[in-house]
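# Topology and contacts: notes
Each chain is listed here by its residues.
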Amino acid sequence: MEVTNVTEYQAIAKEKLPKMIYDYYASGAEDQWTLEENRNAFSRILFRPRILIDVSKIDMTTTILGFKLSMPIMIAPTAMQKMAHPEGEYATARAASAAGTIMTLSSWATSSVEEVASTGPGIRFFQLYVYKDRNVVAQLVRRAERAGFKAIALTVDTPRLGRREADIKNRFTLPPFLTLKNFEGLDLGKMDEANDSGLASYVAGQIDRTLSWKDVKWLQTITTMPILVKGVITAEDTRLAIQAGAAGIIVSNHGARQLDYVPATIIALEEVVKAAQGRVPVFLDGGVRRGTDVFKALALGASGIFIGRPVVFSLAAEGEAGVRNVLQMLREEFELTMALSGCTSLKEITRNHIVTEWDAPRSRPAPRL
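Heads up: these notes are all about the structure in this document.

Analysis parameters
Residues numbered from 1 in each chain as written. Predicted model: local features only at pLDDT ≥ 70, side-chain atom pairs only at ≥ 80, totals over all residues. Heavy atoms only, no water. Axes fitted to C-alpha atoms, helices over the stretch in contact; angles between N-to-C directions. Helix = DSSP H or I, 4+ residues; strand = E, 2+ residues; numbered from the N terminus. Parallel < 35°, antiparallel > 145°, perpendicular 65-115°, else oblique. Left-handed = near helix turned anticlockwise from the far one by under 90°. Contact = heavy atoms within 4.5 Å. Nonpolar A, V, L, I, M, F, W, Y, C, P; charged D, E, K, R; others polar. Core = buried A, V, L, I, M, F, W, Y, C linked by side-chain atoms within 4.5 Å. Buried < 20%, exposed > 50% of the residue type's maximum accessible area, 1.4 Å probe, protein only. 1 Å grid on protein atoms, 1.4 Å probe; cavity = no way out; pocket = protein on both sides within 12 Å on 5 of 7 lines; lining within 4 Å. Points joined across faces, edges and corners; volume = space filled by probe spheres on them.

### A closer look at the packing of helix α6 (residues 134-146) against helix α9 (residues 213-222)
Their axes nearest at 10 Å, the elements α6 and α9 cross at an angle of 50°. Between α6 and α9, the interaxial angle falls into the category oblique. Here α6 and α9 pass one another in a crossing that is right-handed. Between α6, through R134, V137, A138, V141 and E145, and α9, the contact on the second element is made entirely by D215, W218, L219 and I222. Residues belonging to the contact of α6 with α9 are distributed by class as follows: 6 nonpolar, no polar and 3 charged.

### Looking at the nonpolar core
W108, L128, I266, L269 and F334 are the most contacted members of the largest nonpolar core, which totals 108 residues. Examining the composition of this core, we find that 13 residues originate from one element, helix α13 (residues 309-341), more than from any other. M74, I123, F125 and A153 belong to the second-largest nonpolar core, a separate cluster that totals 13 residues.

### Overview of the environment of P18
Relative to the assigned elements, P18 resides in the loop between α1 (8-16) and α2 (19-26). On the basis of relative accessible area, P18 is assigned to the partly exposed category, the value being 47%. Sequence separation of P18 and M83 is 65 residues, and the distance between their C-alpha atoms is 9.3 Å.

### Overview of empty space enclosed by the protein
Considering all chains together, one arrives at 1 cavity of 30 Å³ or more under this definition. Estimates place the volume of the largest cavity at around 40 Å³. Forming the boundary of the largest cavity are V6, T7, Q10, R289, R309, P310 and F313. With 3 residues, α13 is the single largest residue contributor to the lining of the largest cavity. Partitioned by chemical class, the residues of the lining of the largest cavity number 3 nonpolar, 2 polar and 2 charged.

Keep in mind these values describe shape, not function.
So this is what it looks like as structure tokens:
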């Protein structure tokens, strides 16, 4: 079957992967309301395209934290990619580099920071979970920095793991031939079978529930890498993140895997952008499956977006070629959306190009009597 859009990879991944692994990647928390809403909310934002504009040349390039990218579409951290394909994070890193964009490596990767760095050049960020043992955290951050990673994406919405019922039913655990490579040799890379989700038990044992804003400042004392705070969905936390010295904010609900019934990230985005007041870039993570979604996020003030599940599903289906194809399809759809909306560069994408359900009705001139 010829794949013509990003979503089609999910069905292929479902056929190819063992149930436990597919369910781990695909499922959300509890009723999975937010999981569906992350997608559905995009469909309620409509375009107001402008016409008769010369769109023969379209520039999608952008600069993120000083790094020049070919497009504002980046790769989010997704854990344990070797469960999807033997090449795992290596394939994703090479695909991102070939596309001229950023890959974010998960703390819980099945390839280490050094291994990913060895795949060749590329701009890479490192997603960090803060463990109870701060020496482990400091060591890991230093390793990422030495391996040439350019920023830390600090995940702040996971003091405990959300209730993912598919993982409980499947007794999810990391397959025995894989380990969490960044923690090998520290007795922290093993995830044992448990009475519910092996990952939930692992998180309960290792992740620091005392994590607070002071730790964002502490991280700045152990690294020169800029810190993006990932998991912000309110104006209040946006202001606190900026006060704590964050270099950027990733609006994320953890792929709808943490607290169910939080808003879709595309709905939360504008509140965060307004609170940031241009002081730091704001990015969106969650639910992006089309180039039209990318445009809508930028129109609402995002500096770029991150994709997660499309990467692991395409990786499962076709390895590195699948991830390359996902990035290319999103790029082409985004370029087409820009052209049909009358935008030739990212800075031309404005709030006036879309209409949302929370906009005030546009005033019409009163008819003359």
